[in-house]
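# Coordinate analysis (summary)
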Amino acid sequence: MSQLTADSSTLLLQMLWAGPATFFHFEHEITFSFFGARIGQISMLLWFSSVYGKLLIALNRLVAITWPLEYCNIFSNRRLPLIIGFIWFLALLHGLVYTTEDCAFVFDALEFIWTYKETTCGAIASRYLDFMHGSGTFALVLLINTVTFFFIRRRAKEFQTKKVASLSKETYKKNVRLYIQGCMASGTLVFLNVSYNCVTLVTTTRLGVFAATTLVWEIAHIVDGVILVIFNPQLRGDRPPPSKNTTVVRRGSITTVKRASISVVNARTG
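With an unreviewed UniProt entry as reference, the chain is termed G-protein coupled receptors family 1 profile domain-containing protein, source organism Ancylostoma ceylanicum. In the Subcellular location (unreviewed entry) part of its UniProt record, the chain is described as follows: "Membrane".

Structural data, given as structure tokens:
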């Protein structure tokens, strides 16, 4: 939900601010104002939360596939909100950099692009906090995903040579599916990072720069959200398929239902 929130909020900013600013041809006095700079600051906060979110997903899949027994302890229901909160806290710290006017990140309605102020601070923020930081983080994500891939291959060979419980296989398949989701989602932001910082160097037309920056930014977050929904049936309201063994707990008894037979084990409850 953290990623979905970041994607939805980013698109909402584009729709409520960049869209009207472009349509009504807002001058720099409006888009470069204090309010416009705060909109840009929020957009960067959402960007960094997405970047750190992809790193968390990569680590999550690595732990789930490599150390499945420790996974529930590391990413427990109590710890996971704290981890996600820490990610948003880091994103907030990055966003504070854009508080000063010289480091402002704003939308230029006349050029159709989000850009930094043409100052020393703006140049540093663009090169190091945006491009270099994003590239370094995605390189780390790629490294983690590569390590995870080799562990997936090892586990697959174990399943072929050993008799493993069906529940373990189902969990393994689920983790592999979520691993693929993480790789695809990270790929969208990598493409955005490259397009925003590299493609623009060889694009000279205004529409070309718009397509390589603002348009790609919007498409990347749309695709990221679509990937998230496709790989997570619960977000679509779909119920997970019933497992082979289903345990139903009732007052005074525990009933285990199997496909071919039903066995009832009575147990006292407090």
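Now, onward.
### Brief notes about empty space enclosed by the protein
The gaps of empty space that remain are located by a probe, the size of a water molecule, rolled over the atoms. Taken as a whole and assessed by the stated rule, the structure comprises two cavities of 30 Å³ or more. Considering only enclosed or pocket space, the largest cavity measures out at about 110 Å³ in volume. Together, M44, W47, F105, D130, L192, N193, Y196, N197 and W217 line the largest cavity. Among the secondary structure elements, those contributing two or more residues to the lining of the largest cavity are helix 3 (34-66) and helix 7 (166-197). With four residues, the top contributor of residues to the lining of the largest cavity is helix 7. Here the residues of the lining of the largest cavity are counted per class, giving six nonpolar, two polar and one charged. One number sums up the size of the second largest cavity: a volume of about 40 Å³. Together, Q3, K54, I57, Q181, A185, D224, I227 and L228 line the second largest cavity.

### Observations concerning unusual backbone geometry
Unusually for a residue other than glycine, H25 sits at a positive phi of about 55°. Mapped onto the fold, H25 is located in the loop between helix 1 (2-23) and helix 2 (28-31). Of the residues examined, H25 reaches a relative accessible area of 52% and is grouped as exposed.

Cut-offs used in this document
Residues numbered from 1 in each chain as written. Predicted model: local features only at pLDDT ≥ 70, side-chain atom pairs only at ≥ 80, totals over all residues. Heavy atoms only, no water. UniProt positions renumbered as here; feature names shortened; annotations may be inferred. 1 Å grid on protein atoms, 1.4 Å probe; cavity = no way out; pocket = protein on both sides within 12 Å on 5 of 7 lines; lining within 4 Å. Points joined across faces, edges and corners; volume = space filled by probe spheres on them. Helix = DSSP H or I, 4+ residues; strand = E, 2+ residues; numbered from the N terminus. Nonpolar A, V, L, I, M, F, W, Y, C, P; charged D, E, K, R; others polar. Buried < 20%, exposed > 50% of the residue type's maximum accessible area, 1.4 Å probe, protein only.

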